[in-house]
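These are the residues of each chain, in order.
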Amino acid sequence: MLYLQILYSFTSDDITTTIIPITLFAVVAGPLCNVQRCSHIVFWIWLHLLHFNVANQIIDPEEDGKNKSSRPIPAGLISLEDAVVLRWALIPICLVISACYSSQVFGISFVLTLFIIFYNELKAHEHWISKNFITAVGYACFEIGSTLIAGKDMSRLEPTAVSAIFLSLAVFTSTLHAQDFKDVEGDRFIGRQTFPIAFPNLARTSMLIALPLWSIYLSRVWGVNTLCTLAFTGYAAMVGTRFMTCDTLQAARMSCKLYSVSRVIWLVHVFPDVRL
């Protein structure tokens, strides 16, 4: 039971920000061929997220001690040495399990492995340009892999799914720094240059502008009705305004959660098959 607690603790902070949104994306974009696939989707996403998080958290435990002391290494749930062993053991585990689905899912897992090494061991996370690029492409890989598993044919994506992934990549690339505001104190402590640290005013202003604009654009692309478009855009404007005006650490954490909710709302309203 302790081992399961340790594994869960590596990914617990990402359930609402990553696992749930990507799972919903895959279910809708696949589209889901049967209910049994849901457990496979969640497990595949969680396993690769565990791979990324363990690799990330062994790079600089000092940062976690300052910024996120509840994480398993600074909390004393697992030693750094054991975490390093787990980190490298997860590579063949992820690849073998992905190969059981299809060669395409295996390929996505392999690409994710390369990006995880580039992001962590090769220190792409230290500058906001490379950090944002790798994060956005990596997130798209999560969407592609999980959507392949959701679909009837795990070797190909439906045309709607391809369009949705490209749109999701564009949206996430332009707004993913929303997740960096809550980590500004720790990132500044270790000298990491994230977008909110390098350009604080521009980063906040961009959230106020980008979220409503993307809401309007996605609504038009998928033919969402006027009432839903207004509600959708109003919520995005509210979240963007929070990023612009609320600058405490607690407020940043709440804004990040609301941003994650806005991504779920995008999923509900941008796909014709699930519009309300």
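The structure we're discussing is the one just above.
Reference entry: report on the structure contained in this document. This one's a predicted model, so the numbers in the text were calculated from it and none came from an experiment. (Residues numbered from 1 in each chain as written. Predicted model: local features only at pLDDT ≥ 70, side-chain atom pairs only at ≥ 80, totals over all residues. Heavy atoms only, no water.)

Some words on the packing of aromatic side chains
Under the convention used in this document: Pairing of aromatic rings covers Phe, Tyr and the six-membered ring of Trp, with a centre-to-centre limit of 6.5 Å; geometry is then stacked below 30 degrees between planes, edge-to-face above 60, and tilted otherwise.
By the definition in use, this model includes nine aromatic pairs. Taken together, the ring pairs in this structure connect Trp128, Phe195 and Phe199 into an aromatic cluster.

Examining the environment of Leu258
Which entries qualify depends on this criterion: Only DSSP runs of H or I covering at least 4 residues are called helices, and only runs of E covering at least 2 are called strands; the numbering of each starts at the N terminus. Two residues form a contact once any of their heavy atoms are found within 4.5 Å.
Inspection of the secondary structure puts Leu258 in helix H13 (residues 249-270). Here the alpha-carbon distance between Leu258 and Tyr139, two residues 119 residues apart in the chain, equals 18 Å. Apart from the residues lying within four places of it in its own chain, the contact partners of Leu258 are Tyr235, Met238, Val239 and Arg242.

Overview of unusual backbone geometry
The line we're drawing: Burial classification: accessible surface area is computed with a 1.4 Å probe over protein chains only, and a residue below 20% of its type maximum counts as buried, one above 50% as exposed, and the rest as partly exposed.
The amide bond that connects Gly30 to the next residue, Pro31, takes the cis arrangement and shows omega of -15°. Positive phi is not limited to glycine here, since Lys123 has a value of about 65°. With respect to the secondary-structure elements, Lys123 resides in the loop between helix H6 (103-119) and helix H7 (128-150). Exposure remark for Lys123: the relative accessible area of 44% places this residue in the partly exposed category.

Quick look at the packing of H7 against helix H8 (residues 159-175)
For the record, the criterion: Note on method: axes are straight lines fitted to C-alpha atoms, helices fitted across the in-contact stretch only, with angles between N-to-C directions ranging 0 to 180 degrees. Angles below 35 degrees are treated as roughly parallel, those above 145 as roughly antiparallel, those between 65 and 115 as roughly perpendicular, and all remaining angles as oblique. Left-handed is the label given to a crossing in which the near helix is rotated counterclockwise from the far helix by less than a right angle, and right-handed is the label when the rotation is clockwise. Following the grouping adopted for this structure description, the nonpolar residues are Ala, Val, Leu, Ile, Met, Phe, Trp, Tyr, Cys and Pro, the charged ones are Asp, Glu, Lys and Arg, and the polar ones are all others, Gly among them.
As a packed pair, H7 and H8 sit with axes 9 Å apart at the nearest point and diverge in direction by 155°. As judged from the angle between their axes, H7 and H8 are roughly antiparallel. Crossing of H7 against H8: the hand is right-handed. Contacts between H7 and H8 pair Thr135, Ala136, Val137, Tyr139, Ala140, Glu143, Ile144 and Thr147 from the former with Ala161, Ile165, Ser168, Leu169, Phe172 and Thr173 from the latter. Taken together, the residues of the contact of H7 with H8 break down into nine nonpolar, four polar and one charged.

A look at the environment of Trp88
When you line up the elements, Trp88 lands in helix H5 (residues 80-99). For the pair Trp88 and Ala55, spaced 33 residues apart in sequence, the C-alpha to C-alpha distance is 8.2 Å.

Examining the nonpolar core
Most often, soluble globular proteins keep nonpolar side chains buried together rather than apart. Note the threshold: For our purposes a nonpolar core is just a set of buried Ala, Val, Leu, Ile, Met, Phe, Trp, Tyr and Cys residues, chained together by side-chain atoms within 4.5 Å.
Trp44, Ile45, Phe142, Met207, Val239, Phe243 and Tyr259 are the most contacted members of the largest nonpolar core, which has 34 residues in total. Elements with a minimum of two residues in this core: helix H2 (15-29), helix H3 (37-57), H6, H7, helix H11 (200-221), helix H12 (226-245) and H13. The element that contributes the greatest number of residues to this core is H7, accounting for seven residues. Not counting residues up to four positions away in its chain, the partners in contact with Ile45 are Ile19, Ile22, Thr23, Phe142 and Ser146.

Focus: the environment of Cys256
Take Cys256: it is sitting in helix H13. Residue classification places Cys256 among the buried residues on the basis of a relative accessible area of 3%. Each residue touching Cys256, except ones within four places of it in the same chain, is listed here: Ala178, Gln179, Lys182 and Phe243.

Digging into a nonpolar patch on the surface
To be explicit about the condition: Exposure above 30% relative accessible area and the lack of any salt bridge qualify a residue for a patch; like charges then connect within 9 Å, and the nonpolar side chains Val, Leu, Ile, Met, Phe, Trp and Tyr within 5 Å. With residues, only the protein chains shown are counted as cover, and all accessible areas are computed by Shrake-Rupley using a 1.4 Å probe. A carboxyl oxygen of Asp or Glu within 4 Å of a side-chain nitrogen of Lys or Arg is what we treat as a salt bridge.
Residues Leu208, Ile209, Leu213, Ile216 and Met244 make up a contiguous nonpolar surface patch of about 410 Å² in total accessible area. Here the element with the most residues in the nonpolar patch is H11; it accounts for four residues. Structurally, Ile216 is set in helix H11.

Things to note about the pattern of salt bridges
The full count for this structure, using the stated rule, is five salt bridges. Lys131 serves as the salt-bridge partner of Asp180, at 2.8 Å between the closest nitrogen and oxygen. Of this pair, Asp180 sits in the loop between H8 and helix H9 (184-190) while Lys131 sits in helix H7, and the two are 49 residues apart along the sequence. Note that Asp183 and Lys182 form a salt bridge whose closest N and O atoms lie 3.8 Å from each other. Judged by its relative accessible area of 10%, Asp183 is buried. Assessed through its relative accessible area of 23%, Lys182 is described here as partly exposed.

Let's talk about the side chain of Ser206
Our working definition: Think of a polar contact as two N or O atoms within 3.5 Å of one another; within protein, one of them needs to be a possible hydrogen donor and the other a possible acceptor, and neighboring residues in sequence only count if both atoms come from side chains.
Tracing the backbone shows Ser206 in helix H11. Engagement of the side chain of Ser206 in a polar contact is seen with the backbone oxygen of Ala203, the distance being 2.7 Å. The residues contacting Ser206, other than those within four sequence positions of it, are His177, Phe195 and Leu211.

A short note on the side chain of Thr229
Here Thr229 shows up in helix H12. Overall, the relative accessible area of 16% leaves Thr229 in the buried class. Ignoring anything within four residues of it in the chain, the contact list for Thr229 reads Ser219 and Val224.

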